[in-house]
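# Overview (structure and organization)
Spelled out from the first residue to the last, the chains are:
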Amino acid sequence: LNDCWAMQPRWSQDGNRIIYVTPESPGPGGGYRLVLASVPAVGGKGKLLPKDLDGKTIRQLGNQSGNRLSPDGNTIVTAAWTAEDTIGNIGNRYIGLPTTHIWKISLDGNKSEKITNENRSYADVCPSWSPDGEKIAFIRMKKLNENLPLGALDSYSIYTVNSSGGDLKLLISESDKWINSPVWSPDGKMIAYFTAGKNPPNAKFMNIYNLENGVAKVVGEVPVAGTSIDLALSPDSRLIAFNDREGKVIKVMNIDNGTIEDIQTNLADDISIYHLDWSLDGKQFVFGGEKGGITEFWFLEDFLPLIKK
């Protein structure tokens, strides 16, 4: 196992393990050979999860793959691709976009199921479970203009689908903005996500979609947003945390008023933070830290309460 390039950490439901994405082996082109892995939450050596399921090698994305565990802790939902999904190549490198799909993969590696299966110029990414496990929210990126270069996409939407598959439900769609990192709130009432303008001034915003009334609203402007910036909500669904690669901090936004508080990590100046998750008990953050091309996970705990009761 190549223990570097530890990306997109996700807590298991019991808090005992971290599920993440990593290259299956060292060497060039690792970004096109990404698989799921697991490591004890107390630290230790990572272990690759099975990648060859139902006769197919299922590959992960370095960003926006989701790889989130179901509420019962038995199934991972992820954005992934197989050899039959690729649409072209550059040299010897496969292009995973724009035909990635949403997959369910059992944690023990005995079963896999493709939830979305449209063979068009789409990329389905960043899936997130509803708290009851009955639905999955995800981004669909579409290529509407066929004259765009290979891999270019020009429409971004958030859909939901039953966790068993079936018809999709469109929640929001944007043609002049990027959408990133949607995540379902623990109380099941909303989905939080980033938007960023495609054209100057390229302003970035935190947004929530209210599932009870079908209304999307801006919570506030944010300094960072992008594919390597993860969102995670507090257990009470009142706060949204996200990582800041340049500032070496974890930023936490109050949903009620859009204010942001920085939680200092005290990392060295030459370390960048990317990807993040909040433990289900609200007591720890896990995030990726990169230094000189080598990545590893860090934990942060014992931070002060951010909202006084």
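Keep in mind that this is a model prediction, so the values were computed, not measured. (Residues numbered from 1 in each chain as written. Predicted model: local features only at pLDDT ≥ 70, side-chain atom pairs only at ≥ 80, totals over all residues. Heavy atoms only, no water.)

### Some thoughts on the environment of Lys114
Condition: Helical segments are the DSSP runs of H or I of at least four residues, strand segments are the runs of E of at least two, and each set is numbered from the N terminus. Whether two residues are in contact is decided by their heavy atoms, any of which lying within 4.5 Å being enough. Distance and chemistry together define a polar contact, namely a pair of N or O atoms within 3.5 Å, with one atom able to donate a hydrogen and the other to accept it when in protein, and with adjacent residues in sequence counting only for side-chain atoms on both sides.
As for its position among the elements, Lys114 is in strand β13 (residues 112–114). For the pair formed by Lys114 and Gly165, sequence separation is 51 residues and the distance between their alpha carbons is 8.2 Å. Once residues lying within four places of it in the same chain are set aside, the contact partners of Lys114 are Glu84, Asp85, His101, Ile102 and Trp103. Within polar-contact distance, the side chain of Lys114 engages the side chain of Asn117 at 3.2 Å.

### Description of the side chain of Ser234
By secondary structure assignment, the location of Ser234 is in the loop between β22 (231–233) and β23 (239–244). Side-chain polar atoms of Ser234 contact the side chain of Asp236, separated by 2.6 Å. Here Arg238 takes part through its backbone nitrogen, which lies 3.3 Å from a polar atom of the side chain of Ser234. The contacts of Ser234, once residues within four sequence positions are left out, are Pro186, Leu239 and Trp278.

### Concerning the pairing of strand β15 (residues 135–142)
Going by this rule: Note on classification: 1.4 Å probe, protein chains only; a residue is buried when its accessible area is under 20% of the maximum for its type, exposed when over 50%, partly exposed between these limits. When DSSP finds two or more bridges between a pair of strands, those strands are recorded as paired.
Counted residue by residue, β15 has seven buried out of eight residues, so it is predominantly covered. For strand β14 (residues 122–129) and β15, the ladder comprises six bridges, and the chain directions are antiparallel. Bridging from a neighbouring strand, Trp129 pairs with Ile136 of β15. Examined bridge by bridge, β15 and strand β16 (residues 155–162) share eight bridges and lie antiparallel to one another. Each residue of the ladder has a partner; that of Phe138, found in β16, is Tyr159.

### What about the packing of aromatic side chains?
Spelled out, the test is: Two rings from Phe, Tyr or Trp (for Trp, the six-membered ring) form a pair when their centres are within 6.5 Å of each other. A pair whose planes differ by under 30 degrees is stacked, one over 60 is edge-to-face, and the rest are tilted. Any Lys NZ or Arg CZ found within 6 Å of a ring centre and within 35 degrees of that ring's normal is scored as a charge over the ring.
In total, this model carries five aromatic pairs according to the counting rule given. Seen in terms of ring centroids, Phe194 and Phe242 are 5.6 Å apart; in terms of plane orientation they differ by 85°. Their pairing is edge-to-face. Pair noted here: Phe194 is in strand β19 (residues 190–197) and Phe242 is in strand β23, with a separation of 48 residues, a long-range link. Comparing Phe194 with Phe242 shows no difference in burial state: the two are buried. Considering the side-chain rings of Trp278 and Phe285, the 4.6 Å spacing of their centres and the 40° angle between planes classify their relative orientation as tilted. Phe285 sits in the buried class, given a relative accessible area of 0%. Against the face of Tyr159 rests Arg140, its NZ or CZ located 5.7 Å from the ring centre.

### Focus: the confidence of the model for the chain
As a reminder, the rule being used: The quantity known as pLDDT measures the predictor's confidence residue by residue, on a range of 0 to 100.
Mean pLDDT for the chain: 85, with 86% of residues reaching 70 or above. Model confidence for the chain, summarised as mean pLDDT per element, is weakest for strand β10 (residues 89–90) at 37 and strongest for strand β20 (residues 204–210) at 98. Within the model, the stretch residues 88–98 combines pLDDT values under 50 with 22 contacts to residues more than four positions away or in other chains.

### Quick notes on the nonpolar core
Rules: The nonpolar core is taken to be a set of buried Ala, Val, Leu, Ile, Met, Phe, Trp, Tyr and Cys residues, with the residues joined through side-chain atoms within 4.5 Å.
Ranked by internal contacts, the top residues of the largest apolar core, which has 26 residues, are Ile102, Val125, Ile139, Ile158 and Ile179. Put simply, the parts of the chain that give this core at least two residues each are β9 (75–81), β14, β15, β16, β17 (168–174), β18 (177–184) and β19. With five residues, the top contributor of residues to this core is β15. Ignoring sequence-local partners within four residues, the contact set of Ile158 consists of Phe138, Ile139, Lys169, Leu170, Leu171, Ile172, Ile179, Pro182 and Tyr193. With 16 residues, the next largest nonpolar core counts Val183, Val219, Val224 and Phe242 among its residues.

### Considering the pattern of salt bridges
The test is simple: Think of a salt bridge as a Lys or Arg side-chain nitrogen and an Asp or Glu carboxyl oxygen that are within 4 Å of each other.
Enumeration over the complete set of coordinates arrives at nine salt bridges. With a closest N to O distance of 3.1 Å, Asp230 and Arg10 form a salt bridge. Within this pair, whereas Asp230 is found in the loop between β21 (215–221) and β22, its partner Arg10 is found in strand β1 (residues 7–11), the two being separated by 220 residues in sequence. Of the residues examined, Asp230 reaches a relative accessible area of 3% and is grouped as buried. Classification of Arg10 by relative accessible area gives buried; the value is 3%. When the shortest N-O distance is used, the salt bridge between Glu84 and Lys114 registers 3.8 Å.

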